[in-house]
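Geometric and topological summary
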Amino acid sequence: MRIIRLLVTVGTLGCASQGGPQVASQAPVPAAPKAAASATDTTTSHYGAGALSLPNADPYPSTYKPSASRPTLIRNVTILTAAGPRIENGAVLMRDGKIAAVGRTVDAPTDAIVIDGEGKFVTPGIIDTHSHLGVYAAPGGDALSDGNEATNPATPEVWAEHSVWPQDPQFPRSLAGGVTTLQVLPGSANLFGGRSVVLKVVPSRTVQGMKFPGAKYGLKMACGENPKRVYAQRGPSTRMGNVAGYRAQWIKAEQYRRKWDKWLADKKGDPPDRDLAMETLADVLRGNILVHNHCYRADEMAQMIDIAHEFGYSIRSFHHGIEAYKIADLLAKEGISASIWADWGSFKVEALDAVRANLALVHQAGVRAIVHSDDASGSQRLNQEGAKGIAAGRAIGINISEDEAIKWNTINPAWALGLDDKIGSLVAGKNADVVLWSGNPFSVYARAEKVWIDGAMLYDRLDPNESWRTDFELGFVPATRGGSR
Amino acid sequence: MRAATRFSATMLAVVIGSSAAPAQTIAIIGGTVHPVSGPMIEHGTVIIRDGKIVAVGADIAIPADAKRIEATGKWVTPGLVNSATEFGLFDVGFGAGSSDVAAKGSGNGLTPSFTAWEGVNPQSVYLAPARDEGVTSVLIVPGGGMIGGQAAMLDLVDGTVGDMLLKAPVAMVGTLDDPSAGKLGARGEMFAKLRELIEDTKAYMRRRSDFERNATRSYALGRADLEAMVPVVEGRVPLALQLNRASDIEAALRLAKQYGLKLIIIGAAEGWRMGPRIAQAKVPVMSGAMNNIPSSFNSLGQRQETPGLLRKAGVDVALIGNAGGGDEEQFNIRNIRQEAGNAVAYGMSWNDALRAITLTPAEMFGVADKIGSLRVGREANIVVWNADPFEFGTRAERVFIRGKEITDQSRQDELTKRYRTLPPNYTKP
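Residues numbered from 1 in each chain as written. Chains lettered and ligands numbered in written order. Predicted model: local features only at pLDDT ≥ 70, side-chain atom pairs only at ≥ 80, totals over all residues.

1. Comments concerning the overall build of chain A
Tallying secondary structure elements over chain A gives 13 helices and 17 strands in all. In chain A, which comprises 485 residues, the proportion classed as buried is 60%. Partitioning the intrachain contacts of chain A with sequence separation of at least 6 by distance along the chain shows that 70% fall at a separation of at least 24. (Helix = DSSP H or I, 4+ residues; strand = E, 2+ residues; numbered from the N terminus. Buried ≥ 20, exposed ≤ 12 C-beta atoms within 10 Å, placed from the backbone. Contact = placed C-beta atoms within 7 Å.)

2. Digging into the overall build of chain B
In terms of helices and strands, chain B carries 13 helices and 16 strands. For a compact globule of 429 residues, the expected C-alpha radius of gyration is about 22 Å, and chain B comes in at 22 Å, within 12% of that figure. With the principal axes as the frame, chain B shows a C-alpha extent of 70 × 55 × 45 Å. When contacts within chain B are restricted to residue pairs at least 6 apart in sequence, long-range pairs at least 24 apart make up 68% of them. (Rg over C-alpha atoms; globule rule 2.2 N^0.38 Å.)

3. Considering the interface of chain A and chain B
Listed per partner, the contact involves 57 residues of chain A and 55 residues of chain B. Sorting the residues of the side of chain A that touches chain B by element identifies helix H1 (2–12), helix H3 (170–176), helix H8 (328–334) and helix H10 (382–395) of chain A as the ones contributing at least two each. If you tally residues by element for the side of chain A that touches chain B, the top one is H1(A), at nine residues.

4. Remarks on the pairing of strand E16 (residues 448–453) of chain A
All names here are of chain A. Counting buried positions along E16 gives six out of six residues, so the element sits mostly inside the fold. As paired strands, strand E15 (residues 434–437) and E16 are joined by four bridges and run antiparallel to one another. When the bridges of E16 are listed, Val-435 appears paired with Val-451. Across four bridges, E16 lies against strand E17 (residues 456–460) in antiparallel orientation. Considered in E17, the bridge of Lys-450 is made with Asp-460. Here E16 hands over to E17 after two residues, with Asp-454 in that stretch at a positive phi of 50 degrees. (Pairing = 2+ DSSP bridges.)

5. Things to note about the sheet that holds strand E14 (residues 369–371) of chain A
Strands belonging to one sheet form pairs held by backbone hydrogen bonds; the direction of such a pair is parallel or antiparallel. Residue and element names in this part refer to chain A. The strand order across the open sheet built from six strands is E8-E10-E11-E12-E13-E14, with neighbouring strands paired in mixed fashion. Two strands bound the open sheet, and with one partner strand each, they are strand E8 (192–195) and E14. Ignoring which end each strand starts from, the neighbouring axes of this sheet average 20 degrees apart. Where E8 and strand E10 (residues 218–222) come together, three bridges link them in antiparallel fashion. In the strand pairing of E10, Phe-192 is matched with Met-221. (Axes fitted to C-alpha atoms, helices over the stretch in contact; angles between N-to-C directions.)

6. Topic: helix H6 (residues 223–233) of chain B
Residue and element names in this part refer to chain B. Across the eleven residues that make up H6, a large majority, nine, are buried. Buried within H6 we find Asp-225, Leu-226, Glu-227, Ala-228, Met-229, Val-230, Pro-231, Val-232 and Val-233. Just downstream of H6, Gly-235 is the residue with a positive phi angle, here 80 degrees.

7. A few points about the packing of H10(A) against helix H11 (residues 402–409) of chain A
Two quantities define a packed helix pair, namely the angle between the axes and the distance from one axis to the other. Residues and elements named next belong to chain A. For the pair H10 and H11, interaxial distance at closest approach is 9 Å and the crossing angle is 130 degrees. In terms of orientation, H10 and H11 fall into the oblique class. Note that H10 runs across H11; the crossing there is right-handed. Contact residues: Leu-382, Asn-383, Gly-386, Gly-389 and Ile-390 in H10; Glu-402, Ala-405, Trp-408 and Asn-409 in H11. The class makeup of the residues in the contact of H10 with H11 is four nonpolar, four polar and one charged. (Parallel < 35°, antiparallel > 145°, perpendicular 65-115°, else oblique. Left-handed = near helix turned anticlockwise from the far one by under 90°. Nonpolar A, V, L, I, M, F, W, Y, C, P; charged D, E, K, R; others polar.)

8. Description of unusual backbone geometry
For the bond from Ala138(A) to Pro139(A), the omega torsion is 5 degrees, close enough to zero to count as cis. With respect to the secondary-structure elements, Pro139(A) resides in the loop between strand E6 (126–131) and H3. Cis peptide bonds are those with omega within 30 degrees of zero, and the linkage from Leu422(B) to Pro423(B) qualifies with -5 degrees. Tracing the chain through its elements places Pro423(B) in the segment after helix H13 (411–418). With a phi angle near 60 degrees, Asn214(B) is a residue other than glycine that sits in the positive phi range. Examined against the element boundaries, Asn214(B) turns out to sit in the loop between helix H5 (208–212) and H6. Exposure remark for Asn214(B): the 7 C-beta atoms within 10 Å place this residue in the exposed category. Backbone geometry places Arg402(B), a non-glycine residue, at a positive phi of 50 degrees.

9. Some remarks on the sheet that holds strand E8 (residues 147–155) of chain B
Residue and element names in this part refer to chain B. Taken in spatial order, the eight strands line up as E6-E7-E8-E9-E10-E11-E12-E13 in an open sheet, and their pairing is mixed. Each of the sheet's edge strands pairs with one partner strand only, and the pair in question is strand E6 (80–85) and strand E13 (317–319). Between one strand axis and the next, the sheet turns through 25 degrees on average, direction left out of account. Pairing analysis gives four bridges linking E6 to strand E7 (residues 135–140), with the strands arranged parallel. Bridging from a neighbouring strand, Val-81 pairs with Ser-137 of E7.

10. Examining the nonpolar core
One finds Val92(A), Ile140(B), Ile265(B) and Leu319(B) to be the most contacted residues of the largest nonpolar core, which totals 264 residues. The element contributing the most residues to this core is strand E9 (residues 165–175) of chain B, with seven residues. Apart from the residues lying within four places of it in its own chain, the contact partners of Ile140(B) are Thr85(B), Phe87(B), Ala116(B), Trp117(B), Val120(B), Ala151(B), Ala152(B) and Leu154(B). (Core = buried A, V, L, I, M, F, W, Y, C linked by C-beta atoms within 7 Å.)

11. Brief notes about the environment of Tyr217(A)
Residues and elements named next belong to chain A. On the secondary structure map, Tyr-217 appears in the loop between strand E9 (197–200) and E10. Each C-alpha atom, one on Tyr-217 and one on Val-291, is 8.8 Å from the other, the two residues being 74 residues apart in sequence. When neighbours within four sequence positions are excluded, Tyr-217 is seen to be in contact with Arg-195, Ser-196 and Ile-289.

12. Details of helix H4 (residues 187–206) of chain B
Residues and elements named next belong to chain B. Under the 1.5 Å per step criterion, the end-to-end length of H4 is 29 Å for 20 residues, consistent within 8% with the ideal 28 Å. Along H4, the positions that sit buried rather than exposed are Met-190, Lys-193, Leu-194, Leu-197, Asp-200, Thr-201 and Tyr-204. Each buried residue of H4 sits inside an arc of 130 degrees when the element is viewed along its axis, so together they form one side. Opposite the packed face of H4, turned more than 90 degrees from it, sit the exposed residues Gly-188, Ala-192 and Arg-206. Buried-residue contacts for H4 involve H5, H6 and helix H7 (246–259). (Expected span 1.5 Å × (residues − 1). Arc of directions from axis to C-beta.)

13. Some words on the confidence of the model for chain B
Residue and element names in this part refer to chain B. On average, chain B scores 93 in pLDDT, and the residues at 70 or more come to 94%. Long-range and interchain partners of residues 1–21, a stretch whose pLDDT sits below 50, account for 25 contacts in this model, where long-range means more than four residues apart. This complex was scored by the predictor with a pTM of 0.92 and an ipTM of 0.93. (pLDDT = per-residue confidence, 0-100.)

14. As for the confidence of the model for chain A
Low-pLDDT stretches of the model should not have their predicted coordinates read in fine detail. With 87% of its residues at a pLDDT of 70 or more, chain A has an overall mean of 90. Every residue in residues 17–51 of chain A is under pLDDT 50, and counting partners more than four places away or in other chains gives 59 contacts.

15. A word on the environment of Ala222(A)
Locating Ala222(A) in the fold gives a position in strand E10. Counting along the chain gives 30 residues from Ala222(A) to Lys252(A), while the straight-line C-alpha distance between them is 19 Å.

16. Brief notes about the environment of Thr216(B)
Residue and element names in this part refer to chain B. One can find Thr-216 in the loop between H5 and H6. Through-space distance from the C-alpha of Thr-216 to that of Gly-235 is 24 Å; in sequence the pair is 19 residues apart. Those residues in contact with Thr-216, other than ones at most four positions away along the chain, are Arg-207, Asp-210 and Phe-211.

17. Details of the packing of H4(B) against H6(B)
All names here are of chain B. Packing of H4 against H6 brings their axes to within 9 Å, and their N-to-C directions diverge by 100 degrees. Classified by the angle their axes make, H4 and H6 are roughly perpendicular. Across the interface between the two elements, Leu-197, Ile-198, Asp-200, Thr-201, Lys-202, Tyr-204 and Met-205 from H4 touch Leu-226, Met-229, Val-230 and Val-233 from H6. For the contact of H4 with H6, the class distribution of residues is eight nonpolar, one polar and two charged.

Right, here's the structure in full:
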């Protein structure tokens, strides 16, 4: 019902919905400071990395430390590993933050906590490639609307992490849905929305304390209706204007990269002027930043692929990809993953051709299919969305096993974030991001019962007294979540 | 509104006669039958004749002329009712085409005369996806506005809106969640405005002829809107109000009691805090189980347990989509069964959840004599599922609406078929 939806839309204005203010502000983009010394600078230079204008600097490094953990064995449980067939009556051992062993029988160290998982399921932690938590924080409203720097169609200089509010009450709710890693993206008002940030879903005073150590940045790009609507007055106001806008920026970025790479090679003379926007795009061209491209229509995705070829970068994932099924062969050939919904559609013209078999069709074509949310509520039920994808496939004769489909929630998004060597499957040596489900996660009745990140149990539905409550919730939100059964 | 009500009733009588299925007898045999109005029947049979249910039970003689549908091992339920839809009121949510969801009126958010269902397009491409997954009736709910307009209950049969119409109006719909919906500045002002509207309606009812002669003081609204409010003020048509904050719920309960209004609460994010009061006032609630986000200061206590807790408190609950996203008002009307499954996961009993998407909304909106249960005399809105209807892997194998089996091909099915193998053939559907 619209009266309900309006509240939600206004509160969580992400990419899918309206994408930004209806009338673009004409305010100029403030010039980026030439030498922004950072308080969290870790380089030895007292001028700071910013003063040296090093394009690859990490001026806001992760300060994440895994929570304390004890060796934990979950046994007698069905394991969807995302790395092969399920293991019935299996066991998973977590030790020192890592998966120590997975198999039919695993010996428990004497000091291990042992959990009997009879009738329950274990999966890797759920990974959402498309989140706006923290940048469109609850309870919403203008004060917390920090996801779209809708003042200029190209803002590669903004970084989502500088908008993230760690006290967003939506974080603990995602964790309770089994989500352990999120990519927080800027919105889709702009052609170039800015840098994303990959976060662990953990309580922290600072965003730095949530940042996934070693994760690459992403660049949010957006096709189609949103940018041309938001900038209708000043341009781009058409899809061809959108494309001209991408190309103009990449031409500048290529020049910038050349200049800087030359200076970095010989360090002769003054370094070139630093440009925060170009720094991000140049790092895309160097392959250091992964492109996450909001794009609905098949023909536009094909255009974006050509633009990537023209300028020599690759697209890591198309987001929303309502029509991905129409070019599944092209996506497979290009090795681009598809971050898509199970069943959203019709909310705007470029979403009209949504089909429920999208996940199954792209999966069958050999594309890495990913169930994403773009929604604080949907993020909590990515397993249910995967279940819809399985059912839609079966309805047209594409039989995808649950053992395969769990990859849509885990290893495939891990790959899209460049983290598939660390998370996304239950394989010895990987980070112990693990969910124990009350039943088969593809059942509507299953709920995440316990969630571990790096081996530390951060959520336990059976122990509501230990539930993570954000500062905002104290006093405002009754402490009831998660408890009742 | 009296004239209009009479008109609807007349139209209804004509309609059901004209759109009933051809004389045919169908027997759905041997399934696990969930009549909702009574206990589950193992190996039950349902007999349909001329679009109505004529027998339900375990030991029923199957008429010789009946078309037999084997349902052993299947689950047989009433057709599902989604009671928060904008079915047929737009083709695309945003950026093109018309939207017939919200009335404009004089801009003050008070448009009680708005009959949203009259704008429904029965040819909507969103018909097939809804009924293919077992939704057979929808409530058409006007959007926006403190008093946004009137809701109607439709069956998702082929035909005109007149053919589809079960009953109209079934509720006056509005919101007291946000003063801006009435172009007002404060919550208290909303209640004052609503009182004014009710008092003016009462005055108008007493002085219709004076009103026609311009011999009354000016009222809050014009004639058509006051007429539309008459059955609401008389307590014949429910006033369904979006209310989320506990204090708003309490204030609305007080106002409803003061004026003898038949209140329905929509949303009820913090309704769980008011369970006993709501139950005591015998006020039903429409809420969902897929939202736990304190997305505004009006809904800080939002919980997925709300439907289950209200049920435990003795409140009648109809489940509606409340998560936002995914357009469950139209594109995903079908997701009402996911809502029910989640309600069960968060504490509602399975039987209550099924009731909350069948008989309870039918009762709430005065159509329980026609839909919502598998009882003799009810319309044959029946779904045969291959397993638990709330599970994602379950299919609605057979869907009957007023006794007619639905075998739709949706636009989505056609697109899927076209792109099943690439490249597509554009001369084939």
